[in-house]
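A structural walkthrough
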Amino acid sequence: QAMAPLHPVAVQCQEAQVVVTVHRDLFGTGRLVRAVDLSLGSASCLPVSQNPAEDTVTFVAGLHECGSTLQMTPDSLIYKTSLSYKPTPSGNLVIVRTNPVVVPIECHYPRKSNVSSNAVRPTWAPFRSTLSAEERLMFSLRLMNDDWSTERLSNGFQLGESLHLQADVASEGHVPLRLFVDDCVAALSPDKSSSPRYAFIDRSGCLVDGRADDTTSTFISPRLRQETLQFVVDAFKFAGDDRNLIYITCHLKVSPADQAPNPWNKACSFNRASSLWAPVEGTGDICSCCETGNCP
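The rules behind the values
Residues numbered from 1 in each chain as written. Predicted model: local features only at pLDDT ≥ 70, side-chain atom pairs only at ≥ 80, totals over all residues. Heavy atoms only, no water. Pairing = 2+ DSSP bridges. Helix = DSSP H or I, 4+ residues; strand = E, 2+ residues; numbered from the N terminus. Axes fitted to C-alpha atoms, helices over the stretch in contact; angles between N-to-C directions. Salt bridge = Lys/Arg side-chain N within 4 Å of Asp/Glu carboxyl O. Buried < 20%, exposed > 50% of the residue type's maximum accessible area, 1.4 Å probe, protein only. Lys, Arg positive; Asp, Glu negative; His and termini not counted. Polar contact = N/O pair within 3.5 Å; in protein donor to acceptor, adjacent residues only side chain to side chain. Contact = heavy atoms within 4.5 Å. Core = buried A, V, L, I, M, F, W, Y, C linked by side-chain atoms within 4.5 Å.

Moving on to the sheet that holds strand S5 (residues 56-62). Ordered by their spatial adjacency, four strands build an open sheet running S1-S2-S5-S4, and the pairing between neighbours is antiparallel. Since the sheet does not close on itself, it has two edges, and those belong to strand S1 (9-13) and strand S4 (49-51), each with one partner. For this sheet, the mean angle separating the axes of adjacent strands, direction not counted, is 20 degrees. Bridge count between S4 and S5: three bridges; the pairing is antiparallel. Paired with serine 49 across the bridge in S5 is threonine 58.

The following block contains the structure:
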């Protein structure tokens, strides 16, 4: 999935039209896609020009053309379209050697400003088919040593110790993002729905294990950075089962860093001293559902 061209799809949002330039080495493998297999929008508009020397094709379309759609927010006009690559069999009519790809494209224009001088640059939406790692959010979850300085070399623990877990997202090229852990489930197999199972983070970001008696499980506050969330969980095993290998599956997600945390996006720990739930950031009321269980 490494790319030869760093940006196989380039978008220019102009005052009245969008210009999309596509490198025919779409997957970065050195195998060029055919121009006839590329189209723009639901109307399947074809490229207006090709550059054989640079192996690129270019689409030019008015903002209302090629089946684009318009979304209006209080502050912006958002024109949405998509670049489609649909490989057709060549030679051997039974097989193809590449996957179809749909690349969502958006052009944002402020509603209360001069669009010719203050247009907002387009932002990438997630690919519906794998194109490259460049436009995908890369999440990680790692066991860290006790001072958080490096990744822990061993995944073995004694009961009475604590797991130091660090979740990260690499957000280069995206708007500033804040990472949350939606839920974490422990099980005796990689299937998190297997039985027995124990959800120690649940309810869209409540570290419910910290509510149990005699535990110190908590989210670490404040954060190192918005793209990182650290939490500590006391080691445990399943009652009545001698197996000592536990699988942990966590669901990570992001929200824009400028969006205030809310009951959907939160990181809440139980404070035993005050007997109250407290968020890593945001107002305390976003954690109220951690106690009631009525979380979105």
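So, on to the pattern of salt bridges. As enumerated under the stated definition, the model contains eight salt bridges in all. Between arginine 225 and aspartate 168 there is a salt bridge, and its shortest N-O distance comes to 3.7 Å. With arginine 225 in the loop between strand S13 (218-219) and strand S14 (228-234) and aspartate 168 in strand S10 (residues 162-170), the pair connects residues that are 57 residues apart, well separated along the chain. A relative accessible area of 41% means that arginine 225 is categorised as partly exposed. The partner of glutamate 291 in a salt bridge is arginine 211, and the shortest N-O contact between them spans 2.9 Å. Here arginine 211 lies in the loop between strand S12 (197-201) and S13 and glutamate 291 lies in helix H1 (residues 288-292), a separation of 80 residues in the sequence. In this structure arginine 211 comes out as partly exposed when scored by relative accessible area, which is 36%. Taken together, the shared-partner salt bridges in this structure form one network comprising Arg142, Asp168 and Arg225.

Okay, the side chain of lysine 266 next. Checked against the element boundaries, lysine 266 lands in the loop between strand S15 (247-256) and strand S16 (268-271). Despite its burial, lysine 266 remains without a salt bridge, the nearest opposite charge being carried by aspartate 182 at 6.8 Å. Within the structure, lysine 266 has its side chain in polar contact with the backbone oxygen of arginine 203 (distance 2.7 Å). Within polar-contact distance, the side chain of lysine 266 engages the backbone oxygen of proline 263 at 2.8 Å. Lysine 266 has contacts with Phe180, Arg203, Ser204, Gly205, Cys206, Ile286, Cys289, Cys290 and Cys295, leaving out every residue within four places of it along the chain.

In this section: the sheet that holds S14. The four strands are arranged S9-S10-S14-S13 in an open sheet whose pairing can be described as antiparallel. Among the strands making up the open sheet, the edge pair consists of strand S9 (138-144) and S13. Sheet analysis places S13 next to S14, joined by two bridges and oriented antiparallel. Looking across to S14, one finds that threonine 218 is bridged to valine 232.

Let us look at the nonpolar core. As a rule of thumb, nonpolar side chains are buried together in soluble globular proteins. By size, the foremost hydrophobic cluster in this structure holds 24 residues, and its most contacted members are Val20, Val22, Leu26, Leu38, Phe59, Leu83 and Tyr85. Looking at this core, the elements with two or more residues in it are S1, strand S2 (17-23), strand S3 (38-40), S5, strand S7 (76-85) and strand S8 (101-110). Per-element tally for this core: the top contributor is S8, with five residues. Those residues in contact with leucine 83 that lie beyond four places of it in its chain are Val9, Val22, Ser39, Leu40, Phe59, Val101, Val102, Val103 and Ile105. One finds Leu207, Leu229, Cys250 and Leu252 within the second-largest nonpolar core, a separate group that totals 23 residues.

A few words on unusual backbone geometry. Residues serine 195 and proline 196 are joined by a peptide bond in cis, for which omega reads 0 degrees. Along the polypeptide, proline 196 turns up in the loop between strand S11 (177-187) and S12. Residues serine 221 and proline 222 are joined by a peptide bond in cis, for which omega reads 0 degrees. Locating proline 222 in the fold gives a position in the loop between S13 and S14. Look at cysteine 66: it is not a glycine, yet its phi comes out positive at around 60 degrees. The exposure class assigned to cysteine 66 is buried, which follows from its relative accessible area of 9%. Although it is not a glycine, tryptophan 148 sits at a positive phi angle of roughly 65 degrees.

It is worth stressing that arrangement in space is one thing and function is another; only the former is reported here.
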